[in-house]
Structure formats: C-alpha cells, structure tokens
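# Structural overview
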Amino acid sequence: MKKKIILMSALTAVFMLLLPILALELRTVVPFIVFVFLLYLICPICSIVVGAIAGTDIRRLWYFGFLPALIGFGAYAYIIGWDNALIFAGCYLMLGLIAMGIAALVKVFRQAKKDNRRR
C-alpha cells in the first residue's frame, strides 16, 4: 500500500508540477507545441491513470482523485493565469473522478462475477 501511495504521489508531482514548470523555464529551448502537448495530453492521461489506480481501493486512496487537479491548478495558475488554470483543473478533476468511479465499478463487477462462479 505504501508503495502505491509513493508511486502515485511521485507520478502526480512529476507530471502535474515538475514538467509544466520545466517547460515554462525552458521555453526558449523547447517549442511551444511541447507545452500544448503537455497541457492537453500528458496531464489528462496522468489524471486518468492516478484516478484508475485510486479506484482500486477508494476507502484508502480517495484523495488521489483530487490530487492531480489541485497540483495542476497550482502549477497552471502560475503559468497561464487563474481563470484558465481553473478550467484545466476542473477537467483534470472530472477525468480523475470518472476514472476512479469506473475502476471501482470494474472491481465490484469482477468481485460479483467471482462470487457467482463459486455458487
């Protein structure tokens, strides 16, 4: 359990905080499309993956559905402004919560299917 928490915390910190700020600081070296790629593809995938992992044990890991959105909001508020950061954070929050809910439903259905096989 501790390994899962450390893994998800590190994944969230790297993809939602470190990479956007690094892309901002290296804007003269890396093209703008890297930042757009990060904003529209990498960070949403990170939110979905962290939410799906959190959905396997919602009682203990429920806050990981919110964590990518909160960290992303802090990073993007610094980079692109509060209003746009709030929109992106809301999208990341919805993606994380939907992934967490789907993962929890899959776990429940698999458990029910396993219970029906035993009968």
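As shown above, the structure is provided for reference.
Residues numbered from 1 in each chain as written. Predicted model: local features only at pLDDT ≥ 70, side-chain atom pairs only at ≥ 80, totals over all residues. Heavy atoms only, no water.

### Concerning the packing of aromatic side chains
Tallied over the entire structure, the rule returns 10 aromatic pairs. Linked through ring pairs, Phe32, Phe35, Tyr40, Tyr76, Phe88 and Tyr92 together constitute an aromatic cluster. (Phe/Tyr/Trp six-rings, centres within 6.5 Å; stacked < 30°, edge-to-face > 60°.)

### A closer look at the pattern of salt bridges
Where charged atoms of side chains with opposite charge meet at close range, the side chains can pair. As enumerated under the stated definition, the model contains one salt bridge in all. One salt bridge in this structure joins Arg60 and Asp57, with 3.7 Å as the shortest N-O distance. With a relative accessible area of 54%, Arg60 lands in the exposed category. (Salt bridge = Lys/Arg side-chain N within 4 Å of Asp/Glu carboxyl O. Buried < 20%, exposed > 50% of the residue type's maximum accessible area, 1.4 Å probe, protein only.)

### Quick word on the environment of Cys91
With respect to the element layout, Cys91 can be found in helix 5 (residues 82-118). Once the C-alpha coordinates of Cys91 and Val106 are considered, the two residues, 15 residues apart in sequence, prove to be 22 Å apart. (Helix = DSSP H or I, 4+ residues; strand = E, 2+ residues; numbered from the N terminus.)

### What about helix 2 (residues 32-54)?
Across its 23 residues, helix 2 extends 32 Å between first and last C-alpha, which sits within 8% of the 33 Å expected from 1.5 Å per residue. At Leu38, helix 2 is bent by approximately 40°, the largest bend along its length. Residues of helix 2 that are buried: Phe35, Leu38, Leu39, Cys43, Pro44, Cys46, Ser47, Val50, Gly51 and Ala54. (Expected span 1.5 Å × (residues − 1). Bend = angle between axes of the 7 residues up to and from the residue.)

### Looking at the nonpolar core
Counting 21 residues, the largest nonpolar core has Phe35, Leu39, Cys43, Phe64, Tyr76 and Tyr92 as the members making the most contacts within it. Among the elements of the structure, helix 1 (2-25), helix 2, helix 4 (67-80) and helix 5 are those that each provide at least two residues to this core. Apart from residues lying up to four places away in sequence, Leu39 is in contact with Pro44, Tyr76, Phe88 and Tyr92. (Core = buried A, V, L, I, M, F, W, Y, C linked by side-chain atoms within 4.5 Å. Contact = heavy atoms within 4.5 Å.)

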